[in-house]
Number of protein chains: 2
Amino acid sequence: MMNFPSKVLEKAVEEISGLPGIGKKSATRLALHLLRQSNSQALGLSDALRRLVTDIKYCKECHNFSDAEICEICASEKRNAEQLCVVEDVRDVMAIENTQQYQGKYLVLGGKLSPMEGIGPSQLRIDSLEKRARSGEVKEIIFALSATMEGDTTAYYLYKKLKDLPLQFSTIARGIAVGDELEYADEVSLGRSIRNRMPYNEKM
Amino acid sequence: MMNFPSKVLEKAVEEISGLPGIGKKSATRLALHLLRQSNSQALGLSDALRRLVTDIKYCKECHNFSDAEICEICASEKRNAEQLCVVEDVRDVMAIENTQQYQGKYLVLGGKLSPMEGIGPSQLRIDSLEKRARSGEVKEIIFALSATMEGDTTAYYLYKKLKDLPLQFSTIARGIAVGDELEYADEVSLGRSIRNRMPYNEKM
């Protein structure tokens, strides 16, 4: 048990150590660092965190984070609306955008099917994907899911659901090692794997 | 360069990555984590950080952080006012308190003499230490400074300044490896080294 000279400090340490991967000792160092700096750093951080939850919105089209009702990518005339890239998470959108190899649009599922973690189809944004797939605008569905059993299962589930629609299906090339999560892949491999995406079929 | 779907998110990531040891990638993970949690976590953290700079005070006696004008240790009747432990930093007070081996009071210098970093006597709270040393209340000065050249230099400087006063001088036992900073020492070694402190003399 730590002895804190101040309840205010103790409370800050407690809150900071609630973050993933930050233990009590690191949290203490961070709090003391903030106390040593100019007040504006701590206040700037405090303000940014408050705004993070009060001001952020979700794009109604793709479910990515957004400052507006419709995110910049969905609203952009420059993006190819015929391509729809299905990802698990917002981080995956950011990872693919960083490669600058993809000009289509996205749909953020919000996870992958995982019986182990009790995540079934109803927890994912599959209705939203279906609506987009049936809109007539989309011509190609690109699965950009984790190269794990759960990612594969999710792609297969979605493919079965949508395969009767007049759509092309593809999946990002397995240039990344099996077992890898997208967000940890380096930009070059990830960029190559989405550029060289392959037609999706049941026997992959 | 990262592409953020939202300026609010980008700003939060920027502020978080201003913390020491937290890169852009970790900051992004932390911000996205906060977005996935209930709002109360981010708001609690935001509030605790704001209060950290608006509500914290420094103890007028020992310069430790405090919620009041005088900290709990300085105000306590149970602490031995005859012993004054001189430390560099607030973290060192916390480290020694954690050992539960010391019942005296503290004085936080606010650093150590370091010509390399341009820290001279005027940047440290030496006036405050002298005032305490001359108060008549204090009988023993305990140096609990880093076991580094700078820590040794600081102890020697203070000893020379105070040695004509009717005081005992001691320094925490070098049970901790030379080159170690106090805050990284394990509790047992640190507790033993303050319990087995040795009389201070010039030839140590």
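Now for a description of the structure that goes with this document. (Residues numbered from 1 in each chain as written. Chains lettered and ligands numbered in written order. Predicted model: local features only at pLDDT ≥ 70, side-chain atom pairs only at ≥ 80, totals over all residues. Heavy atoms only, no water.)

Right, let's get into the overall build of chain A. When helices and strands are counted, chain A shows 8 helices and 7 strands. Looking at chain A as a whole, 53% of its 204 residues qualify as buried. Restricting to contacts in chain A with at least 6 residues of sequence separation, those with at least 24 account for 57%. If you sum the accessible surface of chain A, you get close to 10100 Å²; carbon and sulfur atoms cover 48% of it. (Helix = DSSP H or I, 4+ residues; strand = E, 2+ residues; numbered from the N terminus. Buried < 20%, exposed > 50% of the residue type's maximum accessible area, 1.4 Å probe, protein only. Contact = heavy atoms within 4.5 Å. Areas by Shrake-Rupley, 256 points an atom, 1.4 Å probe, with all protein chains shown as cover.)

This part takes up the packing of aromatic side chains. Applying the stated criterion across every chain yields a total of 8 aromatic pairs over all chains. Judged by centre distance (5.0 Å) and plane angle (50°), the rings of Tyr-58 of chain B and Phe-65 of chain B are tilted. Among the residues examined, Tyr-58 of chain B registers a relative accessible area of 41% and is labelled partly exposed. In this structure Phe-65 of chain B comes out as buried when scored by relative accessible area, which is 6%. With a centroid separation of 5.2 Å and 65° between ring planes, the pair formed by Tyr-102 of chain B and Tyr-106 of chain B is classed as edge-to-face. Tyr-106 of chain B matches Tyr-102 of chain B in its accessibility class, with the two residues each being buried. Ring pairing ties together the aromatic residues Phe-143, Tyr-159 and Phe-169 of chain A, which thus form one cluster. (Phe/Tyr/Trp six-rings, centres within 6.5 Å; stacked < 30°, edge-to-face > 60°.)

Take the environment of Ser-170 of chain A next. Residues and elements named next belong to chain A. With respect to the element layout, Ser-170 can be found in strand β6 (residues 168-171). Residue classification places Ser-170 among the buried positions, given a relative accessible area of 3%. Distance from Ser-170 to Phe-143, taken between C-alpha atoms, is 6.2 Å for residues 27 residues apart in sequence. Discounting residues that sit within four places of it in the chain, Ser-170 has contacts with Glu-140, Ile-141, Ile-142, Phe-143, Arg-197, Met-198, Pro-199 and Tyr-200. In this structure the side chain of Ser-170 is engaged in a polar contact, spanning 2.8 Å, whose partner is the side chain of Glu-140. (Polar contact = N/O pair within 3.5 Å; in protein donor to acceptor, adjacent residues only side chain to side chain.)

With that settled, consider the packing of helix α3 (residues 39-55) of chain A against helix α3 (residues 39-55) of chain B. Two quantities define a packed helix pair, namely the angle between the axes and the distance from one axis to the other. Look at α3 of chain A against α3 of chain B: their axes get within 8 Å of each other, and the N-to-C directions meet at 160°. Considered as vectors, α3 of chain A and α3 of chain B are oriented roughly antiparallel to each other. α3 of chain B is crossed by α3 of chain A, and the crossing has left-handed handedness. For the pair α3 of chain A and α3 of chain B, the contacting residues are Asn-39, Ala-42, Leu-43, Leu-45, Ser-46, Leu-49, Arg-50, Val-53 and Thr-54 of chain A in the first and Asn-39, Ala-42, Leu-43, Leu-45, Ser-46, Leu-49, Arg-50, Val-53 and Thr-54 of chain B in the second. Residue composition of the contact of α3 of chain A with α3 of chain B, by class: 10 nonpolar, 6 polar and 2 charged. (Axes fitted to C-alpha atoms, helices over the stretch in contact; angles between N-to-C directions. Parallel < 35°, antiparallel > 145°, perpendicular 65-115°, else oblique. Left-handed = near helix turned anticlockwise from the far one by under 90°. Nonpolar A, V, L, I, M, F, W, Y, C, P; charged D, E, K, R; others polar.)

Just geometry here; none of it tells us what the structure is for.
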